[in-house]
Protein chains: 2
Amino acid sequence: MDDHDNCKIETALEILVGKWKPIILYQLFTNGTLRFSELQKSIPGITKKMLTAQLRELEYHDIVHRKVYLQIPPKVEYSITEYGQGITPLIQSISEWGQSHVKHLAEIYGDDRILKKTVEVQD
Amino acid sequence: MDDHDNCKIETALEILVGKWKPIILYQLFTNGTLRFSELQKSIPGITKKMLTAQLRELEYHDIVHRKVYLQIPPKVEYSITEYGQGITPLIQSISEWGQSHVKHLAEIYGDDRILKKTVEVQD
DNA sequence: CGGGATCCGCATAGATACTG
DNA sequence: CAGTATCTATGCGGATCCCG
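Residues numbered from 1 in each chain as written. Chains lettered and ligands numbered in written order. Predicted model: local features only at pLDDT ≥ 70, side-chain atom pairs only at ≥ 80, totals over all residues. Heavy atoms only, no water.

(A) Quick peek at the sheet that holds strand E2 (residues 64-69) of chain A. All names here are of chain A. If you walk across this open sheet you meet the 3 strands as E1-E3-E2, and the pairing is antiparallel. Edge positions in the open sheet fall to strand E1 (33-35) and E2, since each of these has one partner strand only. Each neighbouring strand pair of the sheet contributes to a mean axis angle of 25°, computed without reference to strand direction. As judged from the 3 bridges shared by E1 and strand E3 (residues 75-80), these two strands associate in the antiparallel manner. Within E3, the residue paired with Leu34 across the bridge is Tyr78. Most of the contacts of helix H2 (residues 21-31) go to E3, to which it runs at about 90°, and overall it touches E1, E2 and E3. (Pairing = 2+ DSSP bridges. Helix = DSSP H or I, 4+ residues; strand = E, 2+ residues; numbered from the N terminus. Axes fitted to C-alpha atoms, helices over the stretch in contact; angles between N-to-C directions. Contact = heavy atoms within 4.5 Å.)

What follows is the structure, encoded as structure tokens:
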């Protein structure tokens, strides 16, 4: 780690972060190509505004490709770029660490988040 | 990637994310142990409130250890836990990808962020 | 010294309506 | 259909004050 690694990390994080980006990427990775409306339907709760904004950022970073069909009604398809495929190892690393970390937390605090859910329902 | 990998990713990201966490971790990784006030001085612009909040989250996740000396005036030292050491490969991965990605962006859009800096200084 | 409590401002997300 | 424009709301970060 040299002195400027932090900003690089933050740059990388920008791409994954934002309430919706991980799940957008997940949808595109697993489904290949999706229309705007399909994407929206597959992500409950997201608004057009947010979806558009997040997709634009991902597009800027060359992770997502935007293909516009000039027709009425319009049709726009989104997919992972070739360069974007290259983040899979990274996502894999993060995901794996995340999984083991969840287990670690369970070991420390006990697995009472399940109980918590039950309690919440009781109300 | 199974159906619930997203939440795991988000769990993992929670730890790195937040305006100040990367640099807090950086300080602790490079300096070993730091007092609250030393940490604050090493991170220009951060408020006590934020520093406290971020440290508490990191502590909850067992990444950072908080050692309190019961004395007047108080003294509190922070360090990376043994478990916390385990995130280095993850940080490494993210950092490396971040670096190569910055280069990729430079290739696509041209390297005009350096020029931008120059312009900013001109003022 | 190392915080906690409180108040405030701004950015950002959400909701709604409109458009090519 | 795939957005944009506009308005509103809320939640987070910053500033300030206080306390053991």
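(B) Structural detail: the protein's contact with DNA strand C. Neighbouring DNA strand C are 18 residues; Lys49 of chain A together with Ser37, Arg56, Arg66 and Tyr78 of chain B lie closest to it. A distance of 2.6 Å is found between a phosphate oxygen of DNA strand C and a side-chain nitrogen or oxygen belonging to Tyr78 of chain B. Counting residues per element, the ones that place at least two in the surface near DNA strand C are helix H4 (48-60) of chain A together with helix H3 (36-42), helix H4 (48-60) and strand E3 (75-80) of chain B. Examining the composition of the surface near DNA strand C, we find that 4 residues originate from one element, H4 of chain B, more than from any other. Across the surface near DNA strand C, the residue classes tally to 8 nonpolar, 3 polar and 7 charged. (Near = heavy atom within 4 Å. Polar contact = N/O pair within 3.5 Å; in protein donor to acceptor, adjacent residues only side chain to side chain. Nonpolar A, V, L, I, M, F, W, Y, C, P; charged D, E, K, R; others polar.)

(C) Layout of the protein's contact with DNA strand D. Around DNA strand D, the structure places 19 residues, and the nearest of them are Ser37, Lys48, Arg66 and Tyr78 of chain A together with Lys49 of chain B. Sugar and phosphate atoms form 62% of the subset of DNA strand D atoms that lie within 4 Å of the protein. At 3.2 Å from a sugar or linking oxygen of DNA strand D is found a main-chain nitrogen or oxygen belonging to Pro74 of chain A. Tyr78 of chain A is positioned with one of its side-chain polar atoms (N or O) 2.7 Å from a phosphate oxygen of DNA strand D. Of the residues contributing to the surface near DNA strand D, the split by class is 8 nonpolar, 3 polar and 8 charged.

(D) A look at the environment of Ser93 of chain B. Position of Ser93 of chain B among the secondary structure elements: in helix H6 (residues 88-109). On the basis of relative accessibility, which here comes to 26%, the residue Ser93 of chain B falls in the partly exposed class. In this structure Ser93 of chain B touches Leu90 and Ser93 of chain A, once residues within four positions along its chain are discounted. (Buried < 20%, exposed > 50% of the residue type's maximum accessible area, 1.4 Å probe, protein only.)

(E) Structural detail: the interface of chain B and chain A. Taken together, the contact between chain B and chain A spans 41 residues of the former and 41 residues of the latter. At the boundary of chain B and chain A, one finds 0 salt bridges. Of all the secondary-structure elements, those providing two or more residues to the side of chain B that touches chain A are helix H1 (5-16), helix H2 (21-31), H4 and H6 of chain B. Looking at the side of chain B that touches chain A element by element, the count peaks at 14 residues for H6 of chain B. Each residue belonging to the side of chain B that touches chain A can be placed in one class, and the counts come to 23 nonpolar, 10 polar and 8 charged. (Salt bridge = Lys/Arg side-chain N within 4 Å of Asp/Glu carboxyl O.)

(F) Highlighting the relation of the copies chain B and chain A. Between chain B and chain A, the superposition needs a rotation of 180° and an axial shift of 0.0 Å, giving an RMSD of 0.2 Å. Given the turn and translation reported, the copies of this chain are related as if by a two-fold rotation axis. Interface residue correspondence from chain B to chain A reaches 100%, placing this contact among same-surface, isologous pairings. (Least-squares fit on C-alpha atoms with pLDDT ≥ 70 in both.)

(G) Inspection of the packing of aromatic side chains at higher detail. Here the structure, examined in full by the defined rule, presents 4 aromatic pairs over all chains. When the centroid spacing of 6.5 Å and the interplanar angle of 50° are considered together, the rings of Phe36 of chain A and Tyr78 of chain A count as tilted. Placement of Phe36 of chain A in helix H3 (residues 36-42) and of Tyr78 of chain A in strand E3 is noted, with a sequence separation of 42 residues between them. Residue class for Tyr78 of chain A comes out buried when judged on its relative accessible area of 2%. On the basis of an interplanar angle of 10° and a centroid distance of 4.8 Å, the ring pair of Tyr60 of chain A and Tyr109 of chain B is categorised as stacked. With Tyr60 of chain A in helix H4 and Tyr109 of chain B in helix H6, the pair connects residues from two separate chains. (Phe/Tyr/Trp six-rings, centres within 6.5 Å; stacked < 30°, edge-to-face > 60°.)

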